[in-house]
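# An overview of the molecular structure
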Amino acid sequence: MDLTAERHSVPLSDGNHIPLLGLGTYGDPRTTPRGTALECVKLAIDVGYRHFDGALVYFNEHEVGQAIREKIADGTVQRKDIFYCGKLWNTFHPPELVRPALERTLKALKLDYVDLYIVELPMAFKPGKEFYPEDQDGKHIYHHTDLCATWEALEACKDAGLVKSLGVSNFNRRQLELLLNKPGLKHRPVSNQPKLLEYCRQNDIVIVGYCPIGSSRDASWVNVKCPPLLEDELLVSIGKKYKKSTAQVALRFNAQRGVVVIPKSFSPERIKHNFQIFDFSLTAEEIKAIEALNKNIRFVELLIQTSPHHYARKATFSLFQHRWSDHPEYPFHDDY
């Protein structure tokens, strides 16, 4: 695959294109200073990034949108150059709430449309003002969800011109098949964020790998017995060969095999560093060697407490989708 800093987009099944390298914009609103996302997205656009991954639940879409608009205003880019992915949060699954949720994102961004809008998780929380509703015992309150009905509401948003492409996140094969086999399906999901690479390829669905270079070593949610991804001996040796870091090798590995990567960082140096993956190429043998390192490890485990009327279960959500993990997880951390 011939990739350059200026041209590294891959086609989606609906005729649109998605850049293989993007910037994740999540930042814990409790600890991230105001204006951080604004300045980092502007810097990223100057560096060459054109793909930005955000969400209403990140509470910073207004900053991301301002950054995009400012770089459009100063002539650096045009709107058509930018690819923005937003997400439908768990509390907005009922069909009547889907378009209002998307409109909240558009209002925050002050943009007319988003390029990709995805169902963030295939489960729902109780609708309401709280994004993480809990009962009196501090347990999450879940809500029945009809994924097909939610998807039909998303299709209506696409028909209305509010979004160019539709996708999903953290869907397993059964959940994907539920949508793909839905009677009257108008718009197929064009992207997915779990590790279902071969199945998705067979169905013309592009995989988006977030947390593609690992994550922090916070023992409160990370299995610290797992070896750190960026210290892997093979990645280190390949990096020395090309005079690249292990992070750059990991990003190039996925991008070169057609997996979109959206590493998140609010560090200007790392934002620049992560974009420098277009001046070298891995051999077929190196790709195979890295793929063979899969350890089927559940890197992150979060215990999600459910309300009494639901079965309590161990739930894992995915922000780490790389060769180290077969399971979706959902940690909150700084750089990944």
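Residues numbered from 1 in each chain as written. Predicted model: local features only at pLDDT ≥ 70, side-chain atom pairs only at ≥ 80, totals over all residues. Heavy atoms only, no water.

### Notes on the overall build of the chain
Each helix and strand counted, the chain has 10 helices and 14 strands in total. For the chain, buried positions account for 57% of its 336 residues. Considering only contacts in the chain between residues 6 or more positions apart, those separated by 24 or more positions represent 72%. For the chain, the exposed area adds up to about 14900 Å²; of that, 51% sits on carbon and sulfur atoms. (Helix = DSSP H or I, 4+ residues; strand = E, 2+ residues; numbered from the N terminus. Buried < 20%, exposed > 50% of the residue type's maximum accessible area, 1.4 Å probe, protein only. Contact = heavy atoms within 4.5 Å. Areas by Shrake-Rupley, 256 points an atom, 1.4 Å probe, with all protein chains shown as cover.)

### Some words on the nonpolar core
With 94 residues, the main nonpolar core has I18, F52 and L282 as its most contacted residues. If sequence neighbours within four positions are ignored, I18 has contacts with H8, S9, V10, L12, H51, F83, L116, V206, V208 and V260. (Core = buried A, V, L, I, M, F, W, Y, C linked by side-chain atoms within 4.5 Å.)

### Observations concerning unusual backbone geometry
If a residue is not glycine, its phi is most likely negative; likewise, a peptide bond is most likely trans. Its identity is not glycine, yet D204 carries a phi of approximately 55 degrees, on the positive side. Positionally, D204 belongs in the loop between α6 (197–202) and β11 (206–209). By relative accessible area, D204 is classed as exposed at 52%.

### Examining the sheet that holds strand β9 (residues 163–168)
The five strands are arranged β3-β4-β5-β6-β9 in an open sheet whose pairing can be described as parallel. Lying at the two open borders of the sheet, with one neighbouring strand each, are β3 (23–24) and β9. Pairing geometry for β3 and strand β4 (residues 51–53), over two bridges, is parallel. Within the sheet, the bridge partner assigned to G24 lies in β4 and is D53. (Pairing = 2+ DSSP bridges.)

### Considerations on the confidence of the model for the chain
Of all residues in the chain, 85% attain a pLDDT of 70 or more, and the chain-wide mean is 87. A low-confidence stretch, residues 305–336 (pLDDT under 50), is modelled with 130 contacts involving residues beyond four sequence positions or located in other chains. (pLDDT = per-residue confidence, 0-100.)

### Brief notes about helix α7 (residues 233–242)
Taken together, the buried positions of α7 are occupied by L235, I238, G239 and Y242. All buried residues of α7 fall inside an arc of 105 degrees around its axis, so they share one side. Along α7, the residues that are exposed and aim more than 90 degrees away from the buried face are E233, K240 and K241. Of the surrounding elements, those touching the buried residues of α7 are α8 (246–256) and α10 (284–291). Where α7 begins, the capping side chain belongs to D232, and its oxygen is found 2.9 Å from the backbone nitrogen of L234. Looking one or two residues past α7, K243 carries a phi angle of roughly 60 degrees, positive in sign. (Arc of directions from axis to C-beta. Polar contact = N/O pair within 3.5 Å; in protein donor to acceptor, adjacent residues only side chain to side chain.)

### Here we look at the sheet that holds strand β12 (residues 260–261)
Sheet strands associate in pairs through backbone hydrogen bonding, adopting either a parallel or an antiparallel arrangement. With parallel pairing, three strands are arranged side by side in an open sheet as β10-β11-β12. A strand with exactly one partner marks an edge of an open sheet, and here the two such strands are β10 (191–192) and β12. Across two bridges, the pairing between β10 and β11 is parallel. Opposite S191, over in β11, you have V206 as the bridge partner.

### As for the environment of E39
Within the secondary structure, E39 sits in helix α1 (residues 36–47). On the basis of relative accessibility, which here comes to 45%, the residue E39 falls in the partly exposed class. Spatially, the C-alpha atoms of E39 and A67 are 7.1 Å apart, while their sequence positions differ by 28 residues.

### A word on the packing of aromatic side chains
According to the stated counting rule, one finds 10 aromatic pairs in the structure shown. Between Y26 and Y58, the ring centres sit 5.1 Å apart and the planes meet at 75 degrees, which makes this aromatic pair edge-to-face. Here Y58 lies in the loop between β4 and α2 (61–73) and Y26 lies in the loop between β3 and α1, a separation of 32 residues in the sequence. Like Y58, Y26 is buried. By the ring-pair criterion, three or more aromatic residues cluster together here, those being W89, F125, Y132 and Y142. In this arrangement the basic side chain of K264 is found over the ring face of F266, its NZ or CZ atom lying 4.2 Å from the centre. (Phe/Tyr/Trp six-rings, centres within 6.5 Å; stacked < 30°, edge-to-face > 60°. Lys NZ or Arg CZ within 6 Å of the ring centre and 35° of its normal.)

### Examining α2
For α2, with 13 residues, the first-to-last C-alpha span of 18 Å sits near the 18 Å given by 1.5 Å per residue. Packing partners of the buried residues in α2 comprise α1, β5 (83–88) and α3 (95–109). Of the residues flanking the end of α2, it is G75, one or two places downstream, whose phi is positive at about 85 degrees. (Expected span 1.5 Å × (residues − 1).)

### What about the UniProt feature "active site" (unreviewed entry) in the chain?
Residues given the UniProt feature "active site" (unreviewed entry) here are Y58. In this view, Y58 contacts T25, Y26, G27, D53, K87 and E120; residues no more than four positions away in its chain are not counted. (UniProt positions renumbered as here; feature names shortened; annotations may be inferred.)

### Thoughts on the packing of α8 against α10
Describing two packed helices takes the angle between their axes plus the distance from one axis to the other. Packing of α8 against α10 leaves a shortest axis separation of 11 Å and a crossing angle of 105 degrees. Between α8 and α10, the interaxial angle falls into the category roughly perpendicular. On α10, the residues touching V249, F253 and Q256 of α8 are I287, I290 and E291. For the contact of α8 with α10, a count of residues per class yields four nonpolar, one polar and one charged. (Axes fitted to C-alpha atoms, helices over the stretch in contact; angles between N-to-C directions. Parallel < 35°, antiparallel > 145°, perpendicular 65-115°, else oblique. Nonpolar A, V, L, I, M, F, W, Y, C, P; charged D, E, K, R; others polar.)

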